[in-house]
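# Structure assessment
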Amino acid sequence: MRVCTLFSGGKDSTFALHWGVFKGFEVNCLITLLPRKDYSWMFQVPNVEFTKYQAEVLGLDIIQYHTSGEKDKELNDLKQALKLAKEVKGIEGIITGALLSDYQRLNINIISEELGLKTYSPLWRKDQKEYMRELIRDGFKFIVTSASAYGFPFELVGKVIESQDVENIIKAAEKYGFNPAFEGGEAETFVVYAPLFKRELKVEGEKIKISEYEWRFVITHIR
């Protein structure tokens with residue numbers, strides 16, 4: 001089946017993409033929604049414009065589609081992006097990295113059904129702690145590009161996450177009650193290497209403190 005992956009450049013959509021490839025799907029493009037606002041109900045915001053570099057090292061075409069970021073409009077923007085992918089790339093389905101968000105998964109499913117596309121969400125309801133450990137075991141390298149949860153180890157923002165870092169995140173999540181895989185928006189990530197990448201991305205940027213419990217890593221250069 002010919003499919004596209006709804007792709008933010010973070011760990012979840014990248015893992016879902018790899019799942020699709022190894023399950024035998026013909027993944028022929030990525031779709032990235034680019035919100036015009038700092039907050040979106042549906043889509044990741046920080047650094048998503050850099051997904052074009054990930055597409056390059058994956059050897060895949062990418063459709064970057066601008067969205068208003070407004071709750072009542074971004075669903076229509078998603079529909080138009082999927083419609084474009086169906087017309088241009090001939091896709092029959094869409095792979096998503098949805099973990100726990102019923103709002104996100106339900107809306108994607110509804111829009112896909114309206115367009116006659118099948119939807120696959122391989123990470124849905126996975127054990128969050130084991131999933132984080134699995135990412136590291138499978139060779140995924142990612143940086144935390146933003147964090148906004150009380151108790152989060154903010155020293156990890158801007159750092160390539162390693163096995164011990166994952167254990168520290170899990171320990172903090174257990175103590176302070178945030179989601180260890182960040183599905184509640186506690187943090188965002190950017191993948192710099194994964195098994196299907198032809199080479200690793202080298203990322204440079206600036207770590208910024210927004211408030212006492214919010215930090216962001218702004219990517220300035222990728223090579």
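Here, every reference points to the structure presented above.
Residues numbered from 1 in each chain as written. Predicted model: local features only at pLDDT ≥ 70, side-chain atom pairs only at ≥ 80, totals over all residues. Heavy atoms only, no water.

## Regarding helix H6 (residues 163-176)
Every α-helix carries 3.6 residues per turn, so stepping three or four residues along brings you back to the same face. Across its 14 residues, H6 extends 20 Å between first and last C-alpha, which sits within 8% of the 20 Å expected from 1.5 Å per residue. Residues of H6 that are buried include every one of Asp165, Val166, Ile169, Ile170, Ala172 and Ala173, and no others. Within H6, the buried residues cover an arc of 165 degrees as seen down the axis, which keeps them to one side. Exposed positions of H6 whose direction lies more than 90 degrees from the buried face are Gln164, Lys171, Glu174 and Lys175. If you follow the buried residues of H6, they end up packed against helix H5 (128-137). Within two residues after H6, Gly177 carries a phi angle of roughly 85 degrees, on the positive side. (Helix = DSSP H or I, 4+ residues; strand = E, 2+ residues; numbered from the N terminus. Expected span 1.5 Å × (residues − 1). Buried < 20%, exposed > 50% of the residue type's maximum accessible area, 1.4 Å probe, protein only. Arc of directions from axis to C-beta. Contact = heavy atoms within 4.5 Å.)

## Quick word on the environment of Phe178
Structurally, the position occupied by Phe178 is in the loop between H6 and strand E7 (187-193). Under the relative-accessibility criterion, Phe178 is labelled buried at 8%. The spatial distance from the C-alpha of Phe178 to the C-alpha of Phe152 is 8.2 Å, given a sequence separation of 26 residues. Once residues within four sequence positions are removed from consideration, Phe178 is found in contact with Ala149, Tyr150, Gly151, Phe152, Pro153, Ile169, Ala172, Ala173 and Glu186.

## Quick look at the sheet that holds strand E3 (residues 61-67)
The strand order across the open sheet built from five strands is E3-E2-E1-E4-E5, with neighbouring strands paired in parallel fashion. The strands lining the two open edges of the sheet, one partner per strand, are E3 and strand E5 (118-120). Ignoring strand direction, the axes of neighbouring strands in this sheet form an average angle of 25 degrees. Where strand E2 (residues 26-35) meets E3, seven bridges bridge the pair, whose relative direction is parallel. Following the sheet pairing, Leu30 is matched in E3 by Ile62. (Pairing = 2+ DSSP bridges. Axes fitted to C-alpha atoms, helices over the stretch in contact; angles between N-to-C directions.)

## Concerning the packing of aromatic side chains
Ring pairs (aromatic) are described by centroid distance and by the angle formed between their planes. Tallying each qualifying case throughout the model produces 11 aromatic pairs. Centre to centre, the rings of Phe152 and Phe154 are 5.8 Å apart; their planes meet at 50 degrees, and the pair counts as tilted. Residues Phe152 and Phe154 agree in their burial class; the two are buried. Among the aromatic residues, ring-to-ring pairing joins Phe152, Phe154, Phe178 and Phe182 into one connected group. Against the face of Trp124 rests Arg105, its NZ or CZ located 4.5 Å from the ring centre. Lying across the ring of Trp215, Lys207 places its NZ or CZ 5.1 Å from the centre. (Phe/Tyr/Trp six-rings, centres within 6.5 Å; stacked < 30°, edge-to-face > 60°. Lys NZ or Arg CZ within 6 Å of the ring centre and 35° of its normal.)

## A closer look at unusual backbone geometry
Even without being a glycine, Arg125 presents a positive backbone phi close to 65 degrees. Within the fold, Arg125 resides in the loop between E5 and H5.

## A short note on the packing of helix H1 (residues 11-22) against H5
One way to put it is that H1 packs onto H5 with a least axis distance of 12 Å and a crossing angle of 65 degrees. Accordingly, the angle class assigned to the pair H1 and H5 is roughly perpendicular. As for the relative orientation of H1 and H5, their crossing is left-handed in sense. Where H1 abuts H5, its residues Lys11, Asp12 and Phe15 lie against Tyr131, Met132, Glu134 and Leu135. Each residue belonging to the contact of H1 with H5 can be placed in one class, and the counts come to four nonpolar, no polar and three charged. (Parallel < 35°, antiparallel > 145°, perpendicular 65-115°, else oblique. Left-handed = near helix turned anticlockwise from the far one by under 90°. Nonpolar A, V, L, I, M, F, W, Y, C, P; charged D, E, K, R; others polar.)

## Considerations on the pattern of salt bridges
Oppositely charged side chains can pair when the atoms bearing their charge come close. Throughout the structure, instances matching the rule amount to 14 salt bridges. Ionic pairing is found between Lys129 and Glu174, a salt bridge with its closest N-O pair at 2.8 Å. With Lys129 in helix H5 and Glu174 in helix H6, this residue pair connects regions lying 45 residues apart in the sequence. A relative accessible area of 52% means that Glu174 is categorised as exposed. Sharing partners across several salt bridges, the network here consists of Glu130, Arg133 and Glu167. (Salt bridge = Lys/Arg side-chain N within 4 Å of Asp/Glu carboxyl O.)

## Focus: the state of the cysteines
Tallying each qualifying case throughout the model produces one disulfide. Between the sulfur atoms of Cys4 and its disulfide partner Cys29 the distance amounts to 1.7 Å. With the S-S dihedral at roughly 80 degrees, the linkage between Cys4 and Cys29 falls on the right-handed side. Remark: Cys29 occurs in strand E2 and Cys4 occurs in strand E1 (residues 2-6); sequence separation between them is 25 residues. By relative accessible area, which is 0% here, Cys4 ends up buried. The exposure class assigned to Cys29 is buried, which follows from its relative accessible area of 1%. (Disulfide = S-S within 2.5 Å.)

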